[in-house]
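Close look at the chain arrangement
Spelled out, the chains give:
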Amino acid sequence: MKIVIWDLDGTLMDTLTDLMNSTNYALSQCGMPTRSYDEVRQFVGNGVHKLIERAVGSNGSPEDVEKCFAAFKQHYMVHCKDTTKPYDGIVNVIRQLHDRGVRQAIVSNKLQGGVTELHEEWFRGIIDVAIGETPDVQRKPAPDMVNKAIVALREKFGIAPDAPVEAVYIGDSDVDLMTARNAGLPCISVLWGFRSKDFLLAHGAKTFAEKPQDIITFIG
């Protein structure tokens, strides 16, 4: 069985504007200065709590972070689809892989509620499993989410626990590179996401997709 594990933000979907808007809503509610698009781009990748920690900055207290985090969650669950959409060409690639029998999963540090909503809206029926952040599973770059996704795919398609699988991880960040490494998987780094090629090279990336269709070539 071939498996593709997808990161979500910056890989499958351009989510940055909605993340920025919810971050700035939360900061405004807490009486703090808002952040620019490029600042939020650098803050994402380690989950929304870390995003809020970084957005609040060193002058904020732990109480400020928690207050902003609560405001962010409330706003984002309502507005997570305002401008968010898949990158051009990505749905077609997912469909091609699905039609070839490649099993696919999303693994994201986004809260599970947001992952589920976006999966249902855009990828239902073509991506088989969607794993987001929950209290019981350590988030990326730990391998736990990836392992959970592979187990779920095995169970969904009746693949024995000891049967060999051929899996690859696809992401756009240093966190994704570390996640793939920790899970023992090869990584394809996409260049349309939230990090530059130079940044990814500096963090050990070796295989790059300049456009979504390149992924079909790599996976075969």
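Residues numbered from 1 in each chain as written. Predicted model: local features only at pLDDT ≥ 70, side-chain atom pairs only at ≥ 80, totals over all residues. Heavy atoms only, no water.

Let's shift gears to the sheet that holds strand E7 (residues 187-190). The parallel open sheet is built from six strands, whose spatial order is E5-E4-E1-E6-E7-E8. Of all the strands in the sheet, the pair left with one neighbour each is strand E5 (129-133) and strand E8 (208-209). Bridge count between E7 and E8: two bridges; the pairing is parallel. Within E8, the residue paired with Ser189 across the bridge is Phe208. Across the sheet, helix H7 (residues 144-157) touches strand E1 (2-6), strand E4 (103-111), E5 and strand E6 (166-171), and the angle it forms with E4 is around 145°. (Pairing = 2+ DSSP bridges. Helix = DSSP H or I, 4+ residues; strand = E, 2+ residues; numbered from the N terminus. Contact = heavy atoms within 4.5 Å. Axes fitted to C-alpha atoms, helices over the stretch in contact; angles between N-to-C directions.)

Our next topic: the packing of aromatic side chains. How two aromatic rings sit relative to each other is set out by the distance from centre to centre and by the angle between their planes. In total, this model carries one aromatic pair according to the counting rule given. The aromatic ring of Phe199 is capped on one face by Arg195, whose charged end is 5.6 Å from the ring centroid. The ring centre of Phe208 lies 5.0 Å from the NZ or CZ of Lys197, which sits over that ring. (Phe/Tyr/Trp six-rings, centres within 6.5 Å; stacked < 30°, edge-to-face > 60°. Lys NZ or Arg CZ within 6 Å of the ring centre and 35° of its normal.)

Okay, empty space enclosed by the protein next. A full pass over the atoms with the stated rule returns two cavities of 30 Å³ or more. Roughly 240 Å³ of internal volume is contained in the largest cavity. Along the walls of the largest cavity sit 20 residues, with Asp9, Val44, Gly45, Asn46 and Gly47 positioned nearest its centre. Class assignment for the residues of the lining of the largest cavity results in seven nonpolar, six polar and seven charged. Lining of the second largest cavity is provided by Val48, Phe72, Lys73, Tyr76, Met77, Lys110 and Leu111. Elements that contribute at least two residues to the lining of the second largest cavity include exactly helix H4 (62-79) and E4. With four residues, the top contributor of residues to the lining of the second largest cavity is H4. Of the residues assigned to the lining of the second largest cavity, the class counts are five nonpolar, no polar and two charged. (1 Å grid on protein atoms, 1.4 Å probe; cavity = no way out; pocket = protein on both sides within 12 Å on 5 of 7 lines; lining within 4 Å. Points joined across faces, edges and corners; volume = space filled by probe spheres on them. Nonpolar A, V, L, I, M, F, W, Y, C, P; charged D, E, K, R; others polar.)

Worth remembering: the numbers are spatial, not functional.
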